[in-house]
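Spelled out, the chains give:
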Amino acid sequence: MVEPNQLVFTDEMPDHYIMDINEDKHEVALSAQDVEVYYGAKQALQKTNLKFERYKITSLIGASGSGKSTFLRSLNRMNDDVGTVKGKIMYRNLDINSSDIDVYEMRRHIGMVFQRPNPFAKSIEDNITFALKQHGIRDKDELAKRVETSLKQAALWDEVKDTLHKSALSLSGGQQQRLVIARAIALHPDILLLDEPASALDPISSAKIEDTLLELKEKYTIIIVTHNMQQAARVSDYTAFFHMGEVLEYDLTRKIFTRPKVQRTIDYVNGNFG
Amino acid sequence: MNAKQVDKIATGILYTIAGFVILVLLALLGYILVQGVPNLSWHFLTAPAEAFSAGGGIGIQLFNSFYLLILTMVISFPIALGAGIYLNEYANQKSKVIEVIRTMIEILSSLPSVVVGLFGFLLFVVQLKLGFSLLSGAIALTFFNLPLLTRSVEESLRTIPNLQREAGSALGLSRFETIGHVILPAALPSIMTGVVLSAGRVFGEAAALIYTAGQSAPALNFADWNPFNATSPLNVMRPAETLAVHIWKINSEGIMPDAAAVSAGASAVLVIAVLLFNFCARYFSKVLYRQLTSSK
Amino acid sequence: MDEIQEALTKTSKATKKDRFGRSVSLLALILILAVVISIFWFVASKGLATFFKNHVSLWSFLTGTKWAPGQVDAHGKPLVGAAPMIVGSFLVTFLSALIATPFAVGTAVFMTEISPKRGAKILQPVTELLVGIPSVVYGFVGLTVVVPAMRHLFGGSGFGVLAGSMVLFVMILPTVTSMTVDTLRAVPKRYREAALALGATRWQMIYKVILRAATPGILTAIVFGMARAFGEALAVQMVVGNAALMPHNLMSPSATLTSILTQGIGNTVMGSLENNALWSLALILLLMSLVFNLVIRAIGKKGAM
């Protein structure tokens, strides 16, 4: 368990520490190379280089406005309309930040779940099948199978299996968020991006989401933005610490929380903001 | 006089003004209904108008009004829907060009309807030689209707939270699919409210029609539904005086002896129609309200 | 390249659908713009022909008081003086707005500040309904009620500027009232609370706080009503008398731009001076509606500061 108060300050601490993942030993699912984000003339994210290992959970932590959500949303180009994203985002040896890439096709492989649950005003079942149908899956058995497995993976099946035709809006916030996760994984993406998926939920729902993530890790590469340091510590394998629009430290989660190498990280995980 | 006395006097004056206004408005409504409703009969609502003798009805004009309304909606709704979608879903909201476009639409909405009608007259009746016809009238009414309908579509779409759009994008759905399957269904009750309200406006419009759809109502053969025959009710190339135009026409140049009774009856029909449109609009907004409140 | 890489670099069905949707909806928008531009183009080219083709001077058109487009004056110049109609239009517009303003504002204040419950129950639906009543119905009521009443009260025919103003007053009253109600409702509640907490009476609060804060909105509502009155054709045409003469008093039959337009355009030959002169009147209407628009915008900008 993490005991941040034991962290100590030494004189020769570096400003930045970005761990490099050895691609011979570990499979990298996604890597950001010199990614910068501008909103108008304002730079919201400085050059960022991060690699994400396959079938692992990576947490992005930092204070509000530190650029972690901006970075996450750039990874499947949800920032296209609001800002300019420079640099390369490599996925399957392709730079998905280039104009040759079909954005909609790419997002089928790199899904995203948002802070506030956003189910469609449709039935629970249709919430999951809608996108599948649009992507050309018509076979009824296949659709039913995807509904069941995705709901099971999102740990929602037992609660809704008898009410699949009820409106998704009748579910509780926590259930809605798990439905949204089920909806995303029903597309069989490679990578799941989660933007503070539990921050709007009560502790019990939040704990359920965490369990769900740990299960999903076997099949998906997960990148999660969180405010909650305990959550990051509990679920993730790697953690990146963002501060004022740049990554200051990226390392194994246990190292970040026990032996961080950058002073700012120590302050943040100790709870000293200032 | 101290402040309290002034307050009392002012309150009294406000009561008087409000009372007077209520009186005027109710008297107006009451006058139209009391004068008009006794004239309403099945014969009046279905018989053709008489030019020189009493006892004529408003059958053809009533049919024309509804048919023209439907034609106008069929033409204007898709255009307004498209334009509203572009403005709210595709357009870059900060762009100067879009700002100019919005201003132009606003200007169109504030043009006097007689000017819109004259333009329709010039373009369709004179230049394109369509003659006084339902089609010319429907297009003129479309011009008159487009700006408000576009605005109401746009505003209906704006009430749908962005979260829904992001949900669609995150699932690899194109914006178009998300709009068609998620945003529009959610905005539908509100869009329908706008459509019904604009229908009331279109139904009662006359100034834009007198030189486009014309001021004559040739006899129709209600057994002939082939739109290509001259006397078919469905023919869109025939001149078609509507109810509102009829009221204006018989009052400004009518020579029938019962013009006052006919216009009173026709006015009552118009007002009742507007009432009905209003009730429908209220019904749709109630549905909308229920939808919104059941989601939380 | 594997299957996924290939799919990523190809144009997906979703992208194609999106391109389709974007183009179709853009087309609809362009269509509306084309309508606006062609209205201005057509009306302007027709309306300016009076000056460029028929060589009527702009000044004599705007100030001349004799409107008889078929005839010429002693100098052989056509008699196209639009001043009677311009004056008539402005007169009915200002008069109706002048009468409507106190009633509209008073009623709106009553509905929002004095008796919100009754306001919502009776006045709100009635005004909303009346906003939608067709203008010919107002014209008809004007013809059967207002004109005889004028005749009875002041003698003469009863047709004239005053009858036109009365009809327009009732017609714009619901519009101005409901727009004013919207502005008053938009005044933050804390303004009211702050004023009352300082010991102000209700009237002081209304007069010194609410109405001050809502002034730009109320002005917008009035100008909006004026724009509607200025552009209204049939209701006015039915009661104003339609004599293209300078109104020498409020009871004399006169004309407005719209009334002469609706009457004349069908009885003149396209391209003739008589016809072109009518289009010049339409052009004035068009420009005035632009002016009203600009005024509303200017008020909005000032209110935002």
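Residues numbered from 1 in each chain as written. Chains lettered and ligands numbered in written order. Predicted model: local features only at pLDDT ≥ 70, side-chain atom pairs only at ≥ 80, totals over all residues. Heavy atoms only, no water.

A. Representation of the overall build of chain C in the model. Across its full length, chain C holds 12 helices and 2 strands. If you list the helices and strands of chain C from N to C, you get α-α-α-β-β-α-α-α-α-α-α-α-α-α. Scaling as 2.2 N^0.38, a compact globule of 305 residues should have a C-alpha radius of gyration of about 19 Å, whereas chain C reaches 26 Å, well beyond that. In terms of its C-alpha atoms, chain C occupies a principal-axis envelope of roughly 90 × 70 × 35 Å. The buried share of chain C, taken over its 305 residues, is 54%. The long-range fraction of contacts in chain C, counting pairs at least 24 apart against all pairs at least 6 apart in sequence, stands at 70%. If you sum the accessible surface of chain C, you get close to 13,500 Å²; carbon and sulfur atoms cover 67% of it. Averaging the coordinates of the 25 positive side-chain charges in chain C and doing the same for the 11 negative ones gives two points 10 Å apart. (Helix = DSSP H or I, 4+ residues; strand = E, 2+ residues; numbered from the N terminus. Rg over C-alpha atoms; globule rule 2.2 N^0.38 Å. Buried < 20%, exposed > 50% of the residue type's maximum accessible area, 1.4 Å probe, protein only. Contact = heavy atoms within 4.5 Å. Areas by Shrake-Rupley, 256 points an atom, 1.4 Å probe, with all protein chains shown as cover. Lys, Arg positive; Asp, Glu negative; His and termini not counted. Charge placed at Lys NZ, Arg CZ, Asp CG, Glu CD.)

B. Representation of the packing of helix α1 (residues 3-36) of chain B against helix α6 (residues 135-154) of chain C within the structure. With their axes 11 Å apart at the nearest point, α1(B) and α6(C) run at an angle of 85° to one another. Overall, the two elements α1(B) and α6(C) adopt an arrangement that is roughly perpendicular. Residue-level inspection shows Leu28(B), Tyr31(B) and Ile32(B) of α1(B) in contact with α6(C), the latter providing Val137(C), Tyr138(C), Val141(C), Thr144(C) and Val145(C). Its residues assigned to classes, the contact of α1(B) with α6(C) comprises 7 nonpolar, 1 polar and no charged. (Axes fitted to C-alpha atoms, helices over the stretch in contact; angles between N-to-C directions. Parallel < 35°, antiparallel > 145°, perpendicular 65-115°, else oblique. Nonpolar A, V, L, I, M, F, W, Y, C, P; charged D, E, K, R; others polar.)

C. Up close: the interface of chain C and chain B. Taken together, the contact pairs 75 residues of chain C with 74 residues of chain B. When chain C packs against chain B, the two sides together hide about 6,800 Å² of surface, and 81% of this comes from carbon and sulfur. By the criterion of area lost to chain B, the three top residues of chain C are Ile32(C), Leu129(C) and Phe140(C), representing 9% of everything that side buries. Taken together, chain C and chain B are joined by 3 salt bridges. The partner of Arg282(B) in a salt bridge is Glu128(C), and the shortest N-O contact between them spans 2.9 Å. Where chain C meets chain B, there are 12 residue pairs in polar contact (both at pLDDT 80 or more). (Buried area = accessible area lost by both parts, 1.4 Å probe. Salt bridge = Lys/Arg side-chain N within 4 Å of Asp/Glu carboxyl O. Polar contact = N/O pair within 3.5 Å; in protein donor to acceptor, adjacent residues only side chain to side chain.)

D. Examining the interface of chain B and chain A more closely. Contact residues are listed per partner, giving 16 residues for chain B and 23 residues for chain A. Surface buried jointly by chain B and chain A totals about 1,800 Å² across both partners, of which 60% is contributed by carbon and sulfur atoms. Considering only the surface of chain B that becomes buried against chain A, Leu163(B), Ala170(B) and Leu171(B) emerge as the three largest contributors, covering 31% of it. Our count for the contact surface shared by chain B and chain A stands at 2 salt bridges. Residue Arg175(B) pairs with Asp81(A) through a salt bridge whose shortest N-O separation is 3.4 Å. On the surface where chain B and chain A come into contact, there are 7 residue pairs in polar contact (both at pLDDT 80 or more). Only α7 (162-170) and α8 (175-204) of chain B provide two or more residues apiece to the side of chain B that touches chain A. Per-element tally for the side of chain B that touches chain A: the top contributor is α7(B), with 7 residues. Taken together, the residues of the side of chain B that touches chain A break down into 6 nonpolar, 7 polar and 3 charged.

E. How the structure looks around the UniProt feature "domain: ABC transporter" (unreviewed entry) in chain A. Listed under "domain: ABC transporter" (unreviewed entry) in the UniProt record, and renumbered for this structure, are residues 30-269 of chain A. The annotated region residues 30-269 of chain A carries 38% helix and 27% strand content, and the separation between its end C-alpha atoms amounts to 26 Å. (UniProt positions renumbered as here; feature names shortened; annotations may be inferred.)

F. A look at the nonpolar core. Residues Leu151(A), Ile39(C), Phe61(C), Trp67(C), Met85(C), Tyr138(C) and Leu281(C) are the most contacted members of the largest nonpolar core, which totals 228 residues. Apart from the residues within four sequence positions on either side, Met85(C) is in contact with Trp67(C), Ala244(C), Ala255(C), Thr256(C), Leu257(C), Ile260(C) and Leu281(C). Judged by nonpolar contacts, the second largest core, of 37 residues, contains Val35(A), Val103(A), Phe114(A) and Leu8(C). (Core = buried A, V, L, I, M, F, W, Y, C linked by side-chain atoms within 4.5 Å.)

G. Structural context of the domain arrangement of chain C. Residues and elements named next belong to chain C. Split by domain assignment, chain C resolves into domain 1 (1-53) and domain 2 (83-304). Placing the centre of domain 1 and that of domain 2 at their C-alpha centroids yields a distance of 37 Å. At the junction of the two partners, domain 1 supplies 11 residues and domain 2 supplies 11 residues. Surface buried jointly by domain 1 and domain 2 totals about 880 Å² across both partners, of which 76% is contributed by carbon and sulfur atoms. The tally of links from domain 1 across to domain 2 stands at 0 salt bridges. Connecting domain 1 to domain 2 are 3 residue pairs in polar contact (both at pLDDT 80 or more). (Domains from an automatic or database assignment.)

H. Inspection of the sheet that holds strand β6 (residues 94-95) of chain A at higher detail. Residues and elements named next belong to chain A. Pairing is antiparallel in the open sheet, where 4 strands are placed in the order β3-β2-β5-β6. The sheet is open, and its two borders are formed by β3 (42-53) and β6, each paired with just one other strand. Sheet topology note: the strand β2 (residues 28-39)/β3 ladder contains 8 bridges and is antiparallel. Within the sheet, the bridge partner assigned to Ser31 lies in β3 and is Lys51. (Pairing = 2+ DSSP bridges.)

I. Representation of a positive patch on the surface. A cluster of like positive charges, contributed by Lys133(A), Arg138(A), Lys140(A) and Lys13(C), occupies part of the molecular surface. With respect to the helices and strands, the residue Lys133(A) is situated in helix α3 (residues 124-134). (Patch = residues over 30% accessible without salt bridge, like charges linked within 9 Å, V, L, I, M, F, W, Y side chains within 5 Å.)

J. Unusual backbone geometry, seen in detail. Residues and elements named next belong to chain A. Although it is not a glycine, Asp34 sits at a positive phi angle of roughly 55°. Examined against the element boundaries, Asp34 turns out to sit in strand β2. Overall, Asp34 belongs to the partly exposed group, its relative accessible area being 36%. Its identity is not glycine, yet Met244 carries a phi of approximately 45°, on the positive side. As for its position among the elements, Met244 is in the loop between β10 (238-243) and β11 (246-252).

K. Geometry of the sheet that holds strand β9 (residues 221-225) of chain A. All names here are of chain A. Pairing is mixed in the open sheet, where 7 strands are placed in the order β1-β11-β10-β4-β9-β8-β7. The open sheet is flanked by β1 (17-18) and β7 (110-113), the only strands paired with a single partner. Across 2 bridges, β1 lies against β11 in parallel orientation. Counterpart to Ile18 in the pairing with β11 is Tyr250. Sitting on the sheet, helix α1 (residues 68-75) is in contact with β4 (57-62), β7, β8 (191-195), β9 and β10, with an inclination near 150° to β8. Each of β4, β8 and β9 is contacted by helix α7 (residues 203-216), which is oriented at about 150° to β9, the strand it contacts most.

L. Seen up close, the packing of aromatic side chains. Residue and element names in this part refer to chain A. One pass over the structure, following the stated rule, counts 27 aromatic pairs over all chains. Consider the rings of Phe52 and Phe71, whose centres lie 6.2 Å apart with planes at 35°: the pair is tilted. Here Phe71 lies in helix α1 and Phe52 lies in strand β3, a separation of 19 residues in the sequence. Here the two residues Phe52 and Phe71 agree in accessibility, since each one is buried. (Phe/Tyr/Trp six-rings, centres within 6.5 Å; stacked < 30°, edge-to-face > 60°.)

M. Focus on the side chain of Gln237(C). Mapped onto the fold, Gln237(C) is located in helix α10 (residues 234-239). Judged by its relative accessible area of 3%, Gln237(C) is buried. Polar side-chain contacts of Gln237(C) include one of 2.7 Å to the side chain of Trp248(B). Beyond its immediate chain neighbours, meaning those up to four positions away, Gln237(C) contacts Trp248(B), Ser252(B), Asn242(C), Ser259(C), Thr262(C) and Gln263(C).

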